[in-house]
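# Report on the structure
Letter by letter, the chains look like this.
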Amino acid sequence: MVQLPSAPTQNAVNLRGNYAHAAADYSVAQDYPHYTDDDHDIWRTLFTRQLPLMEKYGAPEVMAGIEVLGASADRIPEFAAVNEALLGLTGWRIVAVPGLIPEQHFYAHLAGKRFPVSVWMRNRSELDYLQEPDLFHDFFGHVPLLTNPTFARFMQAYGEAGPKADSHQAIKMLARLYWYTVEFGLIQTPAGLRAFGAGILSSKGETVFSVDSPAPNRLGFDLVRVMRTDYLIDDFQKTYFVLDSFDQLFHAGYDTDFAPLYERYAHEPAYSPDQVLLTDKVITKGTQHR
Ligand SMILES: [Fe+2]
């Protein structure tokens, strides 16, 4: 699963979802009866093959979140029912959206503790690869960790950081932080390295690759390093950044004044996706062969 962290364009006509009935904040009704048997069956296929991998490769907080939200292979989750559980845990809710939304709306939703989840399911021919986030990516990949108070507070802080990044013409730097953590982050756990990023967790191949493969670099998380590093949107990552804890992520996002970073680095060339620096905390130096 590969997709952009937020809308790449104001022009919705190229996107797959139906934006015709979206509200001003791009929310739509989930329209649950609209899902076909095939939609539920594709959900079941994806959920059933991904869940067992969570035991070995997923951060324990992900599995805990799936369980407490009551998500199962049986059928596509009903957002209203999920929200009843989620609101009580962290004050977050999910909102249905047609697909990718413009970034200022995306940031506003996160700042308001609302996570946008695409309403549509991919086709059966797209089990392994999809360019836009669908319901399975958004829900299975992102929503379980919103039950974790520390991670949820980071997500809110991230949303709040959006307008400032925009005013410094540094959205790209902020997007890299999202990409290398929320989408493709790894974390140290007592049981070893585990994945928590949604782009990993919603991809069978990358779930195994990110943790087990000798190919990619795995580097200790460093906020500025991450925000200065380009990423790949159409292949498995060449570098994964590894958190010590979700506390580390929260404090990096919440305690940092980003403005001086934007001023210093926003117009500098970025590090390439496979680069390893002398200053990096190298956990694995990847072969980059696969
Ligand atoms: Fe995502």
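Below, the structure is looked at part by part. Not measured: the values here are computed from a predicted model.

Another aspect to go through is unusual backbone geometry. Phi is positive for Tyr-26, close to 75 degrees, though the residue is something other than glycine. With respect to the element layout, Tyr-26 can be found in the segment before helix H1 (37–57). The phi dihedral of Gln-288 falls on the positive side, at around 65 degrees, and the residue is not glycine. Within the secondary structure layout, Gln-288 lies in the segment after strand S7 (282–284).

So, about the coordination of the iron ion. Bound to the iron ion on the protein side are His-137 (NE2), His-142 (NE2) and Glu-183 (OE), at distances that span 2.0 to 2.1 Å. Counting along the primary sequence, the residues that act as donors to the iron ion give the motif H-x4-H-x40-E. We classify His-137 as buried; its relative accessible area is 0%. Classification of His-142 as buried rests on a relative accessible area of 4%.

Attention shifts here to empty space enclosed by the protein. Across all of its chains, the model carries four cavities of 30 Å³ or more by this definition. Lining the second largest cavity, in full, are Met-173, Arg-176, Met-227, Arg-228, Tyr-265, Glu-268, Pro-269 and Ala-270. Its residues placed into classes, the lining of the second largest cavity shows five nonpolar, no polar and three charged.

A few words now on the layout of surface pockets. Looking at the largest pocket, its volume works out to about 360 Å³. Looking at the largest pocket, it is lined by 15 residues, and the ones nearest its centre are Asn-18, Gln-30, His-34, Val-119 and Trp-120. Classifying every residue of the lining of the largest pocket gives seven nonpolar, five polar and three charged.

Where charged atoms of side chains with opposite charge meet at close range, the side chains can pair. In total, this model carries 12 salt bridges according to the counting rule given. Its salt-bridge partner being Glu-78, residue Arg-75 comes within 3.5 Å of it at the nearest N-O pair. Overall, the relative accessible area of 34% leaves Glu-78 in the partly exposed class. If you follow the salt bridges from partner to partner, you end up with Asp-41, Arg-44 and Arg-124 in one network.

What follows is about the nonpolar core. By size, the foremost hydrophobic cluster in this structure holds 89 residues, and its most contacted members are Phe-139, Met-155, Leu-174 and Leu-177. In terms of residue count, helix H7 (residues 171–183) provides more of this core than any other element does, eight residues in total. The residues touching Met-155, leaving out its near neighbours within four places in the chain, are Trp-92, Leu-110, Phe-115, Leu-146, Tyr-178 and Val-182.

So, about the pairing of strand S4 (residues 192–195). In this structure, strand S3 (residues 186–189) lies alongside S4, joined through four bridges in antiparallel fashion. Residue pairing for S4: Leu-186 is matched across the bridge by Ala-195. Counting the residues that bridge the hairpin from S3 to S4 gives two residues.

Of the residues making up helix H12 (residues 258–265), those classed as buried are Phe-258, Ala-259, Leu-261, Tyr-262 and Tyr-265. Taken down its axis, H12 places every buried residue within 165 degrees of arc, on the same side. In H12, the exposed positions angled more than 90 degrees off the buried face are occupied by Glu-263 and Arg-264. You can read the cap of H12 off the contacts: a side-chain oxygen lies 3.2 Å from the backbone nitrogen of Ala-259, and it is on Asp-257.

This part is about the environment of Leu-110. Among the structural elements, Leu-110 can be located in helix H4 (residues 103–111). Residues Leu-110 and Val-276 lie 166 residues apart in sequence; the distance between their C-alpha atoms is 32 Å.

What follows covers the packing of helix H6 (residues 149–167) against H12. One can describe the packing of H6 onto H12 by two numbers: an axis separation of 10 Å at closest approach and a directional angle of 35 degrees. Classified by chirality, the crossing of H12 by H6 is right-handed. Residues Ala-161, Lys-164 and Ala-165 of H6 lie in contact with H12, whose contacting residues are Phe-258, Ala-259 and Tyr-262. Along the lines of polarity and charge, the residues of the contact of H6 with H12 split into five nonpolar, no polar and one charged.

Reading the values: the criteria
- Residues numbered from 1 in each chain as written.
- Predicted model: local features only at pLDDT ≥ 70, side-chain atom pairs only at ≥ 80, totals over all residues.
- Heavy atoms only, no water.
- Helix = DSSP H or I, 4+ residues; strand = E, 2+ residues; numbered from the N terminus.
- Donors = N, O, S within 2.8 Å, 3.2 Å for Na, K, Ca; no water.
- Buried < 20%, exposed > 50% of the residue type's maximum accessible area, 1.4 Å probe, protein only.
- 1 Å grid on protein atoms, 1.4 Å probe; cavity = no way out; pocket = protein on both sides within 12 Å on 5 of 7 lines; lining within 4 Å.
- Points joined across faces, edges and corners; volume = space filled by probe spheres on them.
- Nonpolar A, V, L, I, M, F, W, Y, C, P; charged D, E, K, R; others polar.
- Salt bridge = Lys/Arg side-chain N within 4 Å of Asp/Glu carboxyl O.
- Core = buried A, V, L, I, M, F, W, Y, C linked by side-chain atoms within 4.5 Å.
- Contact = heavy atoms within 4.5 Å.
- Pairing = 2+ DSSP bridges.
- Arc of directions from axis to C-beta.
- Polar contact = N/O pair within 3.5 Å; in protein donor to acceptor, adjacent residues only side chain to side chain.
- Axes fitted to C-alpha atoms, helices over the stretch in contact; angles between N-to-C directions.
- Left-handed = near helix turned anticlockwise from the far one by under 90°.

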